[in-house]
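For reference, the chains in residue letters:
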Amino acid sequence: MLLNVQHLTTRFHTRAGVVHAVEDVSFSLDAGETLGIVGESGSGKSVTCYSLMRLLRMPPAQFESGLAFFEGIDLLQCSEKDMRRIRGKRISMIFQDPMTSLNPYLCIGDQVAEPLVIHEALSTKQAYSRAIEELERVGIPDPANRARSYPHEFSGGMRQRVMIAMALVAHPQILIADEPTTALDVTVQKQVLDLIKQRQKELGTAVILITHDLGLVAQYADRINVMYAGSIVESAPAHEIFRRPLHAYTRALLHSIPAMQPKGTPLNTIPGLPPNLLSPPVGCSFRHRNTLGNSALCLVDRIPEMVEMFPGHFVRNCPGCLAHSQL
């Protein structure tokens, strides 16, 4: 086991109150595995991974509880000096928006080379040479010349390839891809994801793929965690999630995929909005939006526990969310 996260709880202490962003999240990741984390915006997907990378401003963020063991090191408790040795070298991240993640004042080659200078103590010339090789591997045409270009001279798809090159140039053991295809067209989206998959096979890197698109993780993930209101509500192998979804929220997400619906029919949506995490509901957090189960049976006095319903298939044990409506 490469990464083992146990009961991670991250909250933001703001003037308006305490935001319960991530509550009691547990999962594991093996070498070479692709873990998909899916859910609506605000479900806690990115904050979970930012917590592991220690990229949250503290305060207002605070780790209330939990452990995150990476090869015997607790990422939540280790020193910032130790974390800097891990971040960017052994665990790397591709962010949602490459235009805001890349430095507009530095040329592409310098930015891709920087992790090698910092983590492998290579000379500037050696690191730059390796950067050009990595740019070529991720499909940047004429990499020796394009390495001297600036981010604004690249298209969105090319900038995302540069981000992949930056993340993989130091050969990390874990790659976190935070919605890496946001704002890209479908063709470029597939190219980017296929590229991540190809480099993963070459390097043996484990991947955490954060997205709101269940259809996307169906093609690339080995295992899927479905998050809602800061918690994992269902976790199972990818094929199992699509063959036998148990939680009402998972079924609602699948029901909302346009490709799953007959042509010409109105799109299915999940009614209402996620709960306000400043004052999270007591009991089942999906109760007020549950239309595919039986909301009358949802727990109102305690948070449903995660239970293993089938081998490797875990779900929040809420009677109302595990029920099936007769509609």
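These figures come from a predicted structure and were not determined experimentally.

Here we take up the pattern of salt bridges. One pass over the full model with this rule turns up 13 salt bridges. Across the salt bridge formed by Arg85 and Asp82, the nearest N and O atoms sit 2.7 Å from each other. Remark: Asp82 and Arg85 occur in helix H2 (residues 80-86); sequence separation between them is three residues, near one turn of the helix. By relative accessible area, which is 47% here, Arg85 ends up partly exposed. Since its relative accessible area comes to 33%, Asp82 is described here as partly exposed.

Tallying each qualifying case throughout the model produces four aromatic pairs. Judged by centre distance (4.6 Å) and plane angle (50 degrees), the ring pair of Tyr228 and Tyr249 falls under tilted. With a gap of 21 residues between them, Tyr228 in strand E9 (residues 223-228) and Tyr249 in helix H11 (residues 248-255) connect regions that are remote in the sequence. On the basis of relative accessibility, which here comes to 2%, the residue Tyr228 falls in the buried class. Using a relative accessible area of 0% as the deciding quantity, one classes Tyr249 as buried.

All right, on to the packing of helix H7 (residues 156-168) against helix H8 (residues 186-203) then. For the pair H7 and H8, interaxial distance at closest approach is 10 Å and the crossing angle is 15 degrees. Compared by their axis directions, H7 and H8 come out roughly parallel. By crossing handedness, the relation of H7 to H8 is classed as right-handed. Between H7, through Gly157, Gln160, Arg161, Ile164 and Leu168, and H8, the contact on the second element is made entirely by Val188, Gln191, Val192, Leu195, Ile196, Arg199 and Leu203.

The next point concerns the nonpolar core. Considering soluble globular proteins, one finds that nonpolar side chains tend to be buried as a cluster. Judged by nonpolar contacts, the single largest core of 60 residues is most densely connected at Val112, Val162, Ile224 and Phe286. Among the elements that make up this core, the one with the highest residue count is H7 (eight residues). One finds Ala61, Leu76, Met83 and Ile91 within the second-largest nonpolar core, a separate group that totals 35 residues.

To continue, consider the side chain of Gln111. Looking at the secondary structure, you find Gln111 in helix H4 (residues 108-119). With residues up to four places along the chain from it excluded, the contact list for Gln111 reads Leu102, Asn103, Leu106, Pro151 and Met166.

Okay, the sheet that holds strand E1 (residues 3-14) next. Read across the sheet, four strands follow the order E2-E1-E4-E5 without closing on themselves; strand pairing throughout is antiparallel. In this open sheet, the two strands that pair with only one neighbour each are strand E2 (17-29) and strand E5 (73-74). As paired elements, strand E4 (residues 61-70) and E5 share two bridges and run antiparallel to each other. Paired with Phe70 across the two strands is Ile73, which belongs to E5.

Let's shift gears to helix H1 (residues 45-53). Burial of H1 is extensive: eight of the nine residues sit out of reach of the surface. A positive phi of about 60 degrees marks Arg54, the residue just after H1.

Moving on to the sheet that holds strand E7 (residues 174-178). What the eight strands build is an open sheet, ordered E6-E7-E8-E3-E9-E10-E12-E11; its pairing is mixed. Each edge of the open sheet is held by one strand with a lone partner, namely strand E6 (91-94) and strand E11 (306-310). With strand direction ignored, the average angle separating the axes of adjacent strands in the sheet is 20 degrees. Direction of pairing for E11 relative to strand E12 (residues 313-316): antiparallel, over a ladder of four bridges. Within E12, the position partnered with Val307 by the bridge is Val315.

Before going further, it helps to examine the side chain of His247. When you line up the elements, His247 lands in the loop between helix H10 (238-243) and H11. The buried category is assigned to His247, whose relative accessible area is 3%. A polar contact of 3.0 Å, which involves the side chain of His247, links it to the backbone nitrogen of Tyr249.

Take the environment of Asp74 next. Residue position: Asp74 is located in strand E5. Between the alpha carbons of Asp74 and Asp97 there is a distance of 28 Å; along the sequence they are 23 residues apart. The contacts of Asp74, once residues within four sequence positions are left out, are Leu67, Ala68 and Phe69.

The interhelical angle for the contact between H4 and helix H5 (residues 124-137), taken along N-to-C directions, is 115 degrees, at an axis separation of 8 Å. The chirality of how H4 crosses H5 is right-handed. Only Ala127, Tyr128, Arg130, Ala131 and Leu135 of H5 make contact with H4, whose side of the interface consists of Ile108, Gly109, Asp110, Val112, Ala113, Leu116 and Val117. Residues belonging to the contact of H4 with H5 are distributed by class as follows: nine nonpolar, one polar and two charged.

Our next topic: unusual backbone geometry. With an omega dihedral of -10 degrees, the bond running from Met58 to Pro59 counts as a cis peptide bond. Structurally, Pro59 can be placed in the loop between H1 and E4. The amide bond that connects Pro59 to the next residue, Pro60, takes the cis arrangement and shows omega of 15 degrees. Looking at the element boundaries, Pro60 is found in the loop between H1 and E4. For His171, which is not a glycine, the phi torsion comes out positive at approximately 55 degrees. Mapped onto the fold, His171 is located in the loop between H7 and E7.

What counts and how
Residues numbered from 1 in each chain as written. Predicted model: local features only at pLDDT ≥ 70, side-chain atom pairs only at ≥ 80, totals over all residues. Heavy atoms only, no water. Salt bridge = Lys/Arg side-chain N within 4 Å of Asp/Glu carboxyl O. Helix = DSSP H or I, 4+ residues; strand = E, 2+ residues; numbered from the N terminus. Buried < 20%, exposed > 50% of the residue type's maximum accessible area, 1.4 Å probe, protein only. Phe/Tyr/Trp six-rings, centres within 6.5 Å; stacked < 30°, edge-to-face > 60°. Axes fitted to C-alpha atoms, helices over the stretch in contact; angles between N-to-C directions. Parallel < 35°, antiparallel > 145°, perpendicular 65-115°, else oblique. Left-handed = near helix turned anticlockwise from the far one by under 90°. Contact = heavy atoms within 4.5 Å. Core = buried A, V, L, I, M, F, W, Y, C linked by side-chain atoms within 4.5 Å. Pairing = 2+ DSSP bridges. Polar contact = N/O pair within 3.5 Å; in protein donor to acceptor, adjacent residues only side chain to side chain. Nonpolar A, V, L, I, M, F, W, Y, C, P; charged D, E, K, R; others polar.

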